[in-house]
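This is what each chain is made of:
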Amino acid sequence: INNAINVVAAQPVLGFSRVITNTGSAWRVALTVTNTGGSSATSVRVLTSRLGGTNTSTVVPISVGTIAAGGSAVVNIDFPLASATSGTPVVHRVTGDYTGNTFSSAARVTPP
């Protein structure tokens with residue numbers, strides 16, 4: 001009789017939300033990265049970020065570090081004011097990686 005039990009370690013599951021503000025000199029996207037998975041996401045990095053067709057003015061990659069299971073981290077990413085218009089929705093895109101995996105996310109934001 002084989003009584004072996006296979007245990008599969010829970011994986012990180014990253015989700016994203018965004019808030020865009022005007023700092024006076026740039027559009028700032030506050031990107032919240034939430035780990036709803038069962039284990040930590042280690043060495044999380046943002047590799048690219050675009051607002052509409054414009055690359056971020058923030059130096060990438062951005063090291064986020066480790067996000068524990070159930071935890072979150074906020075990354076501030078800036079863009080030139082010319083990259084969006086107040087009141088007009090625009091798509092924010094982000095790509096990145098963490099140990100053993102990659103991620104990408106896109107969502108509409110409306111600058112105030």
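Higher on the page you've got the structure.
This write-up is about the structure you can find in this document.

1. Points about the side chain of Asp 78
Along the chain, the position of Asp 78 falls in strand β6 (residues 72–79). Apart from the residues within four sequence positions on either side, Asp 78 is in contact with Ala 26, Trp 27, Arg 28, Thr 56, Ser 57 and Thr 58.

2. Let's talk about the environment of His 92
Relative to the helices and strands, His 92 resides in strand β7 (residues 90–98). Along the chain, His 92 and Val 109 lie 17 residues apart, while their C-alpha atoms are 6.7 Å from each other. For His 92, the contacting residues outside a window of four places in its chain are Arg 18, Val 29, Leu 31, Ser 49, Arg 50, Leu 51, Ile 77, Phe 79, Ser 105, Ala 106, Ala 107 and Val 109. Only 2.7 Å separates the side chain of His 92 from the side chain of Arg 18, close enough to count as a polar contact.

Reading guide: rules and limits
- Residues numbered from 1 in each chain as written.
- Predicted model: local features only at pLDDT ≥ 70, side-chain atom pairs only at ≥ 80, totals over all residues.
- Heavy atoms only, no water.
- Helix = DSSP H or I, 4+ residues; strand = E, 2+ residues; numbered from the N terminus.
- Contact = heavy atoms within 4.5 Å.
- Polar contact = N/O pair within 3.5 Å; in protein donor to acceptor, adjacent residues only side chain to side chain.

This is a description of form; function is not addressed.
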